[in-house]
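# Descriptive structure summary
Spelled out from the first residue to the last, the chains are:
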Amino acid sequence: MSEAEALAFPPLLWGEEVSTDAFDHACQRALLGCDAGLVAYRVNASVAQAALVFAPEVPLAKAMAMLPLCGVGFQNALGVMAPPEVAVHLDWDGGIRVNGAACGRFRAMAATTDPAAVPDWLVIGFTLPLIPASDRPGDTPDQTSLYAEGCAEVSPHALIEAWARHSLNWINRWDEEGSRALHSEWRGLAQDMGEEITREGLTGTFLGVDEDFGMLLRDGETTHLIPLTTVLEPAP
């Protein structure tokens, strides 16, 4: 992409196109003290990636709401650009589902893993496969790619721009209104709600989430709370 074609981001956000993993790049930049609002992105023939750097002002447990928030922003963006029959859902731990099959995922990393600490930085990013990983997609029916689901006309560059816009809109709403609207939107997109799943060595019914998007897992007579911070990747 030439300088003239550089992606356009809303105020407070700016982009850096990278040739390596966008999430790793954003984490390294955050570690070195870059300002919040950086969007690192990478697009090639097979994959689209983008990652956003945050500087939270709340404890990590609450800041982790940025993971489902960025997922909702992604669904909102792709939902407008994809054909109407394409369904996008979100796994609790960051997975992206397109028409029921896994299609990339979101990742999260922060300066600390202490839920009570205010992290110096938090990075949320996604990887989205554009084409099948192999020439035998029938061997992995639970895995898909964007173009395989009828979205060949979706520009990955425009999708990243739209994701940033929708996510920023949700950040502003979360700041001003709290998490109620985000909770409502996310619940309508959540994969496996009400189903039996296994997480953190526990198997039970996925009842929903608490105020900070911790998973409520019902195992017999016991309801377990699995904090969203458990999905964080360790910082270098």
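Values in this document were obtained by computation on a predicted structure and should not be read as measured data.

Moving on, we get to the overall build of the protein. From N to C terminus, the protein includes 5 helices and 11 strands. By its C-alpha atoms, the protein is 60 × 45 × 35 Å across when sized along the principal axes. Of all 236 residues assigned to the protein, the portion counted as buried reaches 47%. The contacts of the protein with a sequence gap of at least 6 include a subset with a gap of at least 24, amounting to 61%. Distance between charge centres in the protein, computed from 13 positive and 33 negative side chains, equals 3 Å.

Its identity as a non-glycine residue notwithstanding, Asn 99 has a phi of 50 degrees, on the positive side. Counting through the fold element by element, Asn 99 comes out in the loop between strand 5 (95-98) and strand 6 (101-110). Taking the relative accessible area as the measure of exposure, Asn 99 reaches 36% and is therefore partly exposed. The residue Glu 200 is not glycine, and still its phi comes out positive at about 55 degrees. Tracing the chain through its elements places Glu 200 in the loop between strand 8 (196-199) and strand 9 (202-209).

Attention now moves to the environment of Asp 114. Tracing the backbone shows Asp 114 in the loop between strand 6 and strand 7 (122-129). Taking C-alpha positions, Asp 114 is 8.4 Å from Thr 229, a pair spaced 115 residues apart along the chain. Within the structure, Asp 114 has its side chain in polar contact with the backbone nitrogen of Ala 116 (distance 3.0 Å).

This part takes up the sheet that holds strand 2 (residues 38-43). With mixed pairing, 7 strands are arranged side by side in an open sheet as 1-2-3-7-6-5-4. Looking at which strands have only one partner, the edges of the open sheet turn out to be strand 1 (14-17) and strand 4 (88-90). Direction aside, the axes of adjacent strands within the sheet are offset by 20 degrees on average. With respect to the sheet, helix 3 (residues 66-81) is in contact with strand 3 (47-54), strand 4, strand 5, strand 6 and strand 7, its orientation differing from that of strand 7 by roughly 40 degrees.

All right, on to the packing of helix 4 (residues 156-177) against helix 5 (residues 180-187) then. Two elements in contact, helix 4 and helix 5, have axes separated by 8 Å at closest approach and are oriented at 135 degrees. Between helix 4 and helix 5, the interaxial angle falls into the category oblique. Here Trp 170, Arg 173, Trp 174 and Glu 177 of helix 4 come into contact with helix 5, specifically with Ala 181, Leu 182 and Glu 185. Here the contact of helix 4 with helix 5 is built from residues that sort into 4 nonpolar, no polar and 3 charged.

With that settled, consider the pairing of strand 8. Here strand 8 shows one buried face, formed by Ile 197 and Arg 199, and one open face, formed by Glu 196 and Thr 198. Sheet topology note: the strand 8/strand 9 ladder contains 4 bridges and is antiparallel. Looking across to strand 9, one finds that Glu 196 is bridged to Thr 205. Hairpin connection from strand 8 to strand 9: 2 residues lie between these consecutive antiparallel strands, with Glu 200 at a positive phi of about 55 degrees.

Before going further, it helps to spend a moment on helix 4. Spanning 22 residues, helix 4 covers 31 Å between terminal C-alpha atoms, matching the ideal 32 Å at 1.5 Å per step. Immediately beyond the C-terminal end of helix 4, within one or two residues, lies Gly 178, with a positive phi of roughly 85 degrees.

On to the pattern of salt bridges, then. Taken as a whole and judged by the stated rule, the model has 10 salt bridges. Measuring nitrogen to oxygen at the nearest pair gives 3.8 Å for the salt bridge that ties Arg 107 to Asp 24. Here Arg 107, found in strand 6, pairs with Asp 24, found in helix 1 (residues 22-31); they are 83 residues apart in sequence, far enough to count as distant. Given the relative accessible area of 38%, Asp 24 is considered partly exposed. Of the charged contacts in the structure, one is a salt bridge between Asp 93 and Arg 105, with a shortest N-O distance of 3.5 Å.

This part is about helix 1. Inspection of helix 1 places Ala 22, Phe 23, Ala 26, Cys 27 and Ala 30 among the buried residues, and these make up the whole buried set. Along the long axis of helix 1, the arc covered by the buried residues comes to 135 degrees, so they all point the same way. In this structure, the buried residues of helix 1 make contact with strand 2, strand 3, strand 6 and strand 7. Gly 33 sits one or two positions beyond helix 1 and adopts a positive phi of about 95 degrees.

Cut-off values and rules
Residues numbered from 1 in each chain as written. Predicted model: local features only at pLDDT ≥ 70, side-chain atom pairs only at ≥ 80, totals over all residues. Heavy atoms only, no water. Helix = DSSP H or I, 4+ residues; strand = E, 2+ residues; numbered from the N terminus. Buried < 20%, exposed > 50% of the residue type's maximum accessible area, 1.4 Å probe, protein only. Contact = heavy atoms within 4.5 Å. Lys, Arg positive; Asp, Glu negative; His and termini not counted. Charge placed at Lys NZ, Arg CZ, Asp CG, Glu CD. Polar contact = N/O pair within 3.5 Å; in protein donor to acceptor, adjacent residues only side chain to side chain. Pairing = 2+ DSSP bridges. Axes fitted to C-alpha atoms, helices over the stretch in contact; angles between N-to-C directions. Parallel < 35°, antiparallel > 145°, perpendicular 65-115°, else oblique. Nonpolar A, V, L, I, M, F, W, Y, C, P; charged D, E, K, R; others polar. Expected span 1.5 Å × (residues − 1). Salt bridge = Lys/Arg side-chain N within 4 Å of Asp/Glu carboxyl O. Arc of directions from axis to C-beta.

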